[in-house]
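Chain by chain, the residues:
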Amino acid sequence: EMFIRDRSFYEQINELAPSREANRRMPQDLADKMADAGLFRMLVPAKYGGQECQPQQFFDTLATTGYADGAVGWCLMIGSTTGLLSASLAPDWAQKIYGDNPRAITVGVTAPIGKAQVNAAQDGLTVSGRWPFGSGSQVANWICGGCSVSENGEPRVNKHGQPEPVLAFFPADEVTIHDDTWDTSGLRGTGSHDIEVNNAFVPEGRWVVLGKRAQVDSPLYRFPTFGLLALGVSAVSIGIAQRAIDEFINLAGAKTPTGSSRSLANRPAVQKDLAQAQANLASARALTAAYIDEAWQQASAEGRLDQSCKAKLRLAATNNAWSAVEVVDKLYHAAGGTAIYSKSKLQQCFRDVHV
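Residues numbered from 1 in each chain as written. Predicted model: local features only at pLDDT ≥ 70, side-chain atom pairs only at ≥ 80, totals over all residues. Heavy atoms only, no water.

## What about helix H4 (residues 28-36)?
And then number 1: The set of residues buried in H4 consists of Leu30, Ala31, Met34 and Ala35. Taken down its axis, H4 places every buried residue within 135° of arc, on the same side. The exposed residues of H4 that point more than 90 degrees off its buried face are Asp29 and Asp36.
And then number 2: Directly beyond the C-terminal end of H4, a positive phi value near 80° is found at Gly38. (Buried < 20%, exposed > 50% of the residue type's maximum accessible area, 1.4 Å probe, protein only. Helix = DSSP H or I, 4+ residues; strand = E, 2+ residues; numbered from the N terminus. Arc of directions from axis to C-beta.)

## A few points about the nonpolar core
And then number 1: In terms of nonpolar packing, the biggest core is built from 105 residues, with Met26, Met34, Val127, Phe169, Phe170 and Phe248 touching the most fellow members.
And then number 2: Here the element with the most residues in this core is helix H9 (residues 225-254); it accounts for 13 residues.
And then number 3: Dropping the residues within four chain positions of it, Val127 is found in contact with Lys115, Ala116, Cys147, Ala168, Phe170, Val197, Asn198, Asn199, Ala200 and Val202. (Core = buried A, V, L, I, M, F, W, Y, C linked by side-chain atoms within 4.5 Å. Contact = heavy atoms within 4.5 Å.)

## Describing the environment of Leu251
And then number 1: If you trace the backbone, Leu251 turns up in helix H9.
And then number 2: If sequence neighbours within four positions are ignored, Leu251 has contacts with Ala335, Thr338 and Leu346.

## Remarks on the pattern of salt bridges
And then number 1: All chains considered together, the criterion is met by nine salt bridges.
And then number 2: Close ionic contact of Glu21 with Arg351 constitutes a salt bridge, the shortest N to O distance being 3.0 Å. Taken as a pair, Glu21 in helix H3 (residues 17-23) and Arg351 in helix H12 (residues 345-354) lie far apart in primary sequence, 330 residues in all.
And then number 3: Residue Arg285 pairs with Asp60 through a salt bridge whose shortest N-O separation is 3.5 Å. Linking Arg285 in helix H10 (residues 268-301) with Asp60 in helix H5 (residues 55-68), this pair joins segments that are 225 residues apart in sequence.
And then number 4: Look at Asp60 and you get partly exposed, because its relative accessible area is 27%. (Salt bridge = Lys/Arg side-chain N within 4 Å of Asp/Glu carboxyl O.)

## Brief notes about the packing of helix H6 (residues 70-83) against H9
And then number 1: Packing of H6 against H9 leaves a shortest axis separation of 9 Å and a crossing angle of 165°. Classed by the angle they form, the pair H6 and H9 counts as roughly antiparallel. Classified by chirality, the crossing of H9 by H6 is right-handed. Within the contact between the two elements, H6 uses Gly70, Gly73, Trp74, Met77 and Thr81 and H9 uses Leu229, Gly232, Val233, Val236 and Ile240. (Axes fitted to C-alpha atoms, helices over the stretch in contact; angles between N-to-C directions. Parallel < 35°, antiparallel > 145°, perpendicular 65-115°, else oblique. Left-handed = near helix turned anticlockwise from the far one by under 90°.)

## A look at helix H2 (residues 7-15)
And then number 1: All of the buried residues in H2 are Phe9, Tyr10 and Ile13. Projection of H2 onto a plane perpendicular to its axis shows the buried side chains occupying an angular sector of 100°, all on one side.

## Overview of the side chain of Ser137
And then number 1: In this structure, Ser137 sits in the loop between strand S2 (124-131) and strand S3 (142-151).
And then number 2: Of note is the side chain of Ser137, whose polar atom sits 2.6 Å from the backbone oxygen of Gly134.
And then number 3: Setting aside its immediate chain neighbours within four residues, Ser137 contacts Val107, Ile143, Ile177 and Ile195. (Polar contact = N/O pair within 3.5 Å; in protein donor to acceptor, adjacent residues only side chain to side chain.)

## As for the pairing of S2
And then number 1: Where strand S1 (residues 106-119) and S2 come together, five bridges link them in antiparallel fashion. Considered in S2, the bridge of Val118 is made with Leu125.
And then number 2: Here S1 hands over to S2 after four residues, with Asp123 in that stretch at a positive phi of 60°.
And then number 3: Direction of pairing for S2 relative to strand S7 (residues 194-203): antiparallel, over a ladder of seven bridges. Among the inter-strand pairings, Trp131 is bridged to a residue of S7, identified as Ile195. (Pairing = 2+ DSSP bridges.)

## With respect to the packing of aromatic side chains
And then number 1: Evaluation of the coordinates by the stated rule reveals five aromatic pairs.
And then number 2: An angle of 75° between the planes, with centres 6.1 Å apart, marks the rings of Phe133 and Trp182 as edge-to-face. Of this pair, Phe133 sits in the loop between S2 and S3 while Trp182 sits in the loop between strand S6 (176-178) and S7; the two residues are 49 residues apart in sequence, bridging distant segments of the chain.
And then number 3: Owing to a relative accessible area of 55%, Phe133 belongs among the exposed residues under this scheme.
And then number 4: For Trp182, a relative accessible area of 8% gives the class buried.
And then number 5: If you follow Lys96 out to its NZ or CZ, it ends over the ring of Trp93, 4.4 Å from the centre.
And then number 6: Here the guanidinium or amino end of Arg206 rests over the ring plane of Trp93, the centre of that ring lying 5.3 Å away. (Phe/Tyr/Trp six-rings, centres within 6.5 Å; stacked < 30°, edge-to-face > 60°. Lys NZ or Arg CZ within 6 Å of the ring centre and 35° of its normal.)

Quick look at the structure:
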């Protein structure tokens, strides 16, 4: 909450956006400041020194950071949602990774692309894999990757006969970052290069089985995990869209198009475009707040959320993402030729929100 009020810090994030884009990564000093402010620990249980904040606080913080810069908001989203795994890790490993290091930054890729072999002799897993979209890996202490698990050449299955994908944690120095792979139109500053491990040993307990109940029981960890992840992704989009609105308002008051005697702000068609964009974004945020509140009430009272409630969270997240795109597109076009120049923040909003 204190970080959200520190406007000067957001101004610094905004000012240095071009250098992050050019370097295609999150700078370590910025990541350290955010870690010191506890931002990467928003979803870490209080018992491990985390914030254990409510989902709406989490959403608002990501939107505010995405407003300052989409790439930084994205890296915070990846780092903070990875921190949610601390509630599902074996307690000794959760304490070691999160509790013993208040500045720890963990990131990762959920997709079960990696191959894990049960290593019975050493009581753990041997993992190899290469994952795309390794956002924020350059500043992380621990990096995780989704894996399918095999034992004696056969897929390991649960009691229902279904495969059990896991998220395995690796110390950052065991992970290769292929820093020539993230060359994109937008969100360039996220450093989302491919990451890879080869025959990395992961001891028992240093992984999370996806879909299992958390080991820490409180409302935040009963809240639907994938619903929370989707809301986090969409919060960054919402922040980018709000930035586009504010940038457009500043532009419209100052710009008089060639061949016209009236500023953009005084043109009825432009006023209509802006009004629709503002209503679209406000509606998306209001729907999100209502559905988060409904899910939080269930998580606090009943412990188990019904399918309808889970579906509404995904609906809100998807609506946020597409509403944000519509808002940015509308204002990018309404701004005319001004928006295509690199000095215009609107062009960055346009590129980032689409990525």
